[in-house]
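Per-entry structural report
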Amino acid sequence: MSGSGAWRSLVTVVTGDDPPLSPPAGRLRRVRAALPTVMPIVAFLLSLATLADVRARMSTAGVIASVVGVASLGLLPRRTLLAWRVCIAAALAVSLFDRPGPWLTFPWSAGHLIALLAILVAVGFRHDLAVLLWVGASTALLFLLFVAPGNGPGMVLLVAVLLAVPYLVSRRASAQRRLAQEEERSALLTERARIARELHDVVAHHMSMIAVRAETAPYRLAGAQLPEPVRTEFAEIAVAARRSLTETRRLLGVLRSEADDTAPTAPQPGLDDLPALAESARDAGAVVTLETEGDLTGLPAGVDVSAYRIVQEALSNVARHAAGAPVRVVVCRDGDRLEIRVVNGPGRPGPAGGGAGHGLRGMRERVSMLEGQLIATPTGDGGFEVHALLPTTPGPATSGPAGA
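Everything in this summary refers to the structure shown in the same document.

Criteria and cut-off values
- Residues numbered from 1 in each chain as written.
- Predicted model: local features only at pLDDT ≥ 70, side-chain atom pairs only at ≥ 80, totals over all residues.
- Heavy atoms only, no water.
- Core = buried A, V, L, I, M, F, W, Y, C linked by side-chain atoms within 4.5 Å.
- Buried < 20%, exposed > 50% of the residue type's maximum accessible area, 1.4 Å probe, protein only.
- Helix = DSSP H or I, 4+ residues; strand = E, 2+ residues; numbered from the N terminus.
- Contact = heavy atoms within 4.5 Å.
- Pairing = 2+ DSSP bridges.
- Polar contact = N/O pair within 3.5 Å; in protein donor to acceptor, adjacent residues only side chain to side chain.
- Expected span 1.5 Å × (residues − 1).

**Details of the nonpolar core**
- Core analysis: the largest hydrophobic core is formed by 38 residues, its most contacted members being Trp 84, Trp 108, Ile 119, Leu 120, Val 123, Val 135 and Phe 143.
- Secondary-structure elements contributing two or more residues to this core are helix H2 (27-54), helix H3 (60-71), helix H4 (80-97), helix H5 (110-126), helix H6 (129-146) and helix H7 (152-220).
- Sequence-distant contacts of Val 123, that is, excluding residues within four places in its chain, are made with Thr 80, Leu 81, Trp 84, Leu 132, Val 135 and Leu 163.
- Core analysis: the second largest hydrophobic core is formed by 34 residues, Val 288, Leu 299, Val 367 and Ala 388 among them.

As structure tokens, this is what we get:
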């Protein structure tokens, strides 16, 4: 640690504030939300107990300092470093106002000592190593000066443990959180790349067909003795199609580079492949019921591929988060819209990291690309439902993003 860094850390310890907390997950979120209410109540009750304990054996100043030190617990959820300053200053005041005899192990009340140790744990969770060194050194010095000589080294070791263990735990949690964010970002980019590849395949196919048909039209319709302006128009359409195809390949063809050698080269799947997908899920232990309604043929290619991928990702999510749960897949075409429902009951968490997609975010991107709707919500029985509506009519909903 450099001299300037040590100085900044000391300034933080003396006058600074705590760094912002990262958002917790799961049950920790509820625990943290309750702390600002719970800790002041704990501090108040402990202060009353401390007052009853020390008022008969301490001076008035010592009693006040002891109660203030315990009450500093109320600052713990929002101002951890300030709570440490108040508690350590109160401990120093008690030590100076009421000098203990050599027969006393600690000059402070039990409540004051508990408050100080609890605050040290909180500081260990929230601050970096440089700040912890100053906090630990200051607290250790207090113990060495005012605790009975035989107990001083043990208390110094306890201070080190109370600061180091939370610090290591918080660093590990922070590293895991960063790793999870990187994996999330990587998975999202992979899903976007796959969507872009599929769009590339669809657009390239249709643009090639337009170019070929426009170029061959004068020969296929030769018997109609096409006027020269019509022939010119067909030629211009063919040229525009070729240029659009070239631009599409230039923008999206990077996904075919050497960095993407693992990209699938087989034809993109569609709703015709749903029975095989359901059978694959059954082979993995899922109980899948597949129902289809309406004519699922002749769908726009983007809708066909996206519908398959939505069902695939929903089944993967079931395997990851509700293994063994019964799953009902319903795909229904009604007029100009395609409705997809994947509903599962409650199950047990499956193996971590299963599936190659990116869960609900990948589904939302696909649905948004097609200007559809997606609702993903828990069910009343502890299961989960994915409900997607995709437009099937040609237009902006199915062709606009492809050409972008």
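**Brief notes about the pairing of strand E4 (residues 373-378)**
- Two elements, E4 and strand E5 (residues 384-391), share six bridges in a ladder whose sense is antiparallel. Paired with Gln 373 across the two strands is Leu 389, which belongs to E5.
- Between E4 and E5, which pair antiparallel in sequence order, lie five residues; one of them, Gly 382, sits at a positive phi of approximately 95°.

**As for the side chain of Thr 80**
- When you line up the elements, Thr 80 lands in helix H4.
- Looking at Thr 80, its side chain comes within polar contact range of the side chain of Arg 126, at 3.5 Å.
- Apart from the residues within four sequence positions on either side, Thr 80 is in contact with Asp 18, Leu 75, Ile 119, Ala 122, Val 123 and Arg 126.

**Focus on H6**
- Compared with the 26 Å implied by 1.5 Å per residue over 18 residues, the 26 Å span of H6 between its first and last C-alpha is a close match.
- Within H6 the residues assigned to the buried category are Ala 130, Val 131, Leu 132, Val 135, Gly 136, Thr 139, Ala 140, Leu 142, Phe 143 and Phe 146.

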